[in-house]
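The chain contents come next:
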Amino acid sequence: MHEWALAESIVMAAVDEARKEKLKSITQVTIFIGELQQIEKEIFLFALNELSKSQKPSIKKDAFILKTEKSMLLCKNCGNTWKFSDMKKKLNEAESESIHFIPEVVFVHTRCPRCGSPDFEITKGRGVVLSSITGVR
Amino acid sequence: MEPRTSVIEKRLKHINRIIAVASGKGGVGKSMVASSLALYLSQKGYKVGLLDLDLYGPSSHIILGVKNQFPTEEKGIIPPVVHGISFMSIVYFTEEKPSPFRGVDISNIILELLAITQWGCLDFLIIDMPPGIGDETLDVIRYMKKSEFLVVTTPSKVAMGAVGKLLRILLELKKPLLGVIENMTMTDSSFIQQEVKRLHVRYLGNIDFDTVLEDSIGDPDRLVQTQMMKDLSRTLQNIKL
């Protein structure tokens, strides 16, 4: 249930933002889920809905829209680009779970598939991002 | 929008004091002081956490002899309790492999650890900082607003050159500074004491170079019996803990 902690950060950020914008209620929250973090969507959505109860401003039921963002990794050494899904099957369970908790340990457990360099960057699809909030003033 | 920053204050809400053990220079014994400080406070009956933020070269787990441990998942991650200390480190996720992180990755890791770690109620959270005034130091200052700094140096002029810069930036940012510990002393030189006083920072005392300290690495029961621990306890008498 590490998803719960991330869901809590989303709900708190959405409420903070809605207060700043003087919204009376939040009707829609769009969240991008980076492929690298390998979030269990059902657990995450359950946590979001549970944590949304009794918030001020209120969050409408089923307000959350989850969109998966495919990852893109770029090698700084040779310029190669690839997706995490291309290499996930080469990881053991412990390595994959570590990347689930801390996506940056992808630099520890994987290398560029073309040149073997550990010097690459995550250009897309790292983790959970709050994309937009819609509400009523 | 970055959601993780919103939840950090809540995660740290039930921690009474946060002490970052820092230095401008590597190799001065920060990890040993941080781990020993955590053991000292735990022995005094306080609820203590230890967060190793030296992400390139974590070593607190080696000092404490942490093996085959992993955080528990419960609405986040709960650090394992080791010798009475709730201990969190990147090493649970890196398996002792090399960690080639760039600056943006360091900040992301710190944010993630702070957002998902459930510390619960603590009297003290001790942070084992990496050397310098880089991302980790700036992120601790930014996200852990109630952090106080305990600075470690060796008697070396080289170490003090870098430590002086850290002290000056902490003073400029008006961060609470508990003082400076002079570690691994071998002579009676007053150089560090004078330099620290010149910056109007408290010199807390010295820890003599302990020739047999290495034998207690990985064995906290032996570590608390060392001359280093006795010297550290003496310097800590100069701080209100």
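Given the structure is predicted, the values throughout are model-derived calculations rather than measurements.

**Q** Got a minute to help me understand the interface of chain B and chain A in this structure?
**A** By a widespread convention, an interface's size corresponds to the accessible area lost as its parts come together. Counting residues at the interface gives 31 residues for chain B, matched by 34 residues for chain A. Interface area for chain B against chain A, summed over the two sides, is near 2800 Å², with a carbon-plus-sulfur share of 62%. Across the chain B-chain A interface, the total number found is 5 salt bridges. One salt bridge connects A:Glu95 with B:Lys97, and the closest N-O pair in it is separated by 2.7 Å. Between chain B and chain A we count 13 residue pairs in polar contact (both at pLDDT 80 or more) in total. When contributions to the side of chain B that touches chain A are tallied by element, the ones reaching two or more residues are α1 (5-11), α4 (91-94) and α5 (103-116) of chain B. In terms of residue count, the dominant contributor to the side of chain B that touches chain A is α5(B) (7 residues).

**Q** Help me out: how do you make sense of the side chain of B:Asp231 in this one?
**A** Counting through the fold element by element, B:Asp231 comes out in helix α10 (residues 227-236). Excluding residues that lie within four positions of it along the chain, B:Asp231 makes contacts with B:Asn206, B:Ile207 and B:Asp208.

**Q** Looking at this structure, how should I read the sheet that holds strand β4 (residues 72-75) of chain A?
**A** Sheets are built from strands paired through backbone hydrogen bonds, the pairs being either parallel or antiparallel. Residues and elements named next belong to chain A. Spatially, the 3 strands line up as an open sheet ordered β5-β4-β6, and their pairing is antiparallel. Two strands bound the open sheet, and with one partner strand each, they are β5 (81-82) and β6 (120-124). As paired strands, β4 and β6 are joined by 4 bridges and run antiparallel to one another. Each residue of the ladder has a partner; that of leucine 73, found in β6, is isoleucine 122.

**Q** How do you make sense of the domain arrangement of chain A when you look at a structure like this?
**A** Residue and element names in this part refer to chain A. Taken domain by domain, chain A consists of domain 1 (2-69 + 125-136) and domain 2 (72-124). Put simply, the middle of domain 1 and the middle of domain 2, counted by C-alpha atoms, are 27 Å apart. On the domain 2 side, the residues contacting the 9 residues of domain 1 number 12 residues. Interface area for domain 1 against domain 2, summed over the two sides, is near 1100 Å², with a carbon-plus-sulfur share of 55%.

**Q** Looking at this structure, how should I read the state of the cysteines?
**A** Each disulfide consists of a covalent bond between the sulfur atoms of two cysteine residues. Residue and element names in this part refer to chain A. This structure, assessed with the given rule, holds 0 disulfides over all chains. Sulfur of cysteine 75: no disulfide; nearest cysteine sulfur belongs to cysteine 115 and is 3.6 Å away. In this structure cysteine 78 is not part of a disulfide, and its nearest cysteine sulfur, from cysteine 115, lies 3.7 Å away. Take cysteine 78: its relative accessible area is 28%, and that puts it in the partly exposed class.

Criteria and cut-off values
Residues numbered from 1 in each chain as written. Chains lettered and ligands numbered in written order. Predicted model: local features only at pLDDT ≥ 70, side-chain atom pairs only at ≥ 80, totals over all residues. Heavy atoms only, no water. Contact = heavy atoms within 4.5 Å. Buried area = accessible area lost by both parts, 1.4 Å probe. Salt bridge = Lys/Arg side-chain N within 4 Å of Asp/Glu carboxyl O. Polar contact = N/O pair within 3.5 Å; in protein donor to acceptor, adjacent residues only side chain to side chain. Helix = DSSP H or I, 4+ residues; strand = E, 2+ residues; numbered from the N terminus. Pairing = 2+ DSSP bridges. Domains from an automatic or database assignment. Disulfide = S-S within 2.5 Å. Buried < 20%, exposed > 50% of the residue type's maximum accessible area, 1.4 Å probe, protein only.

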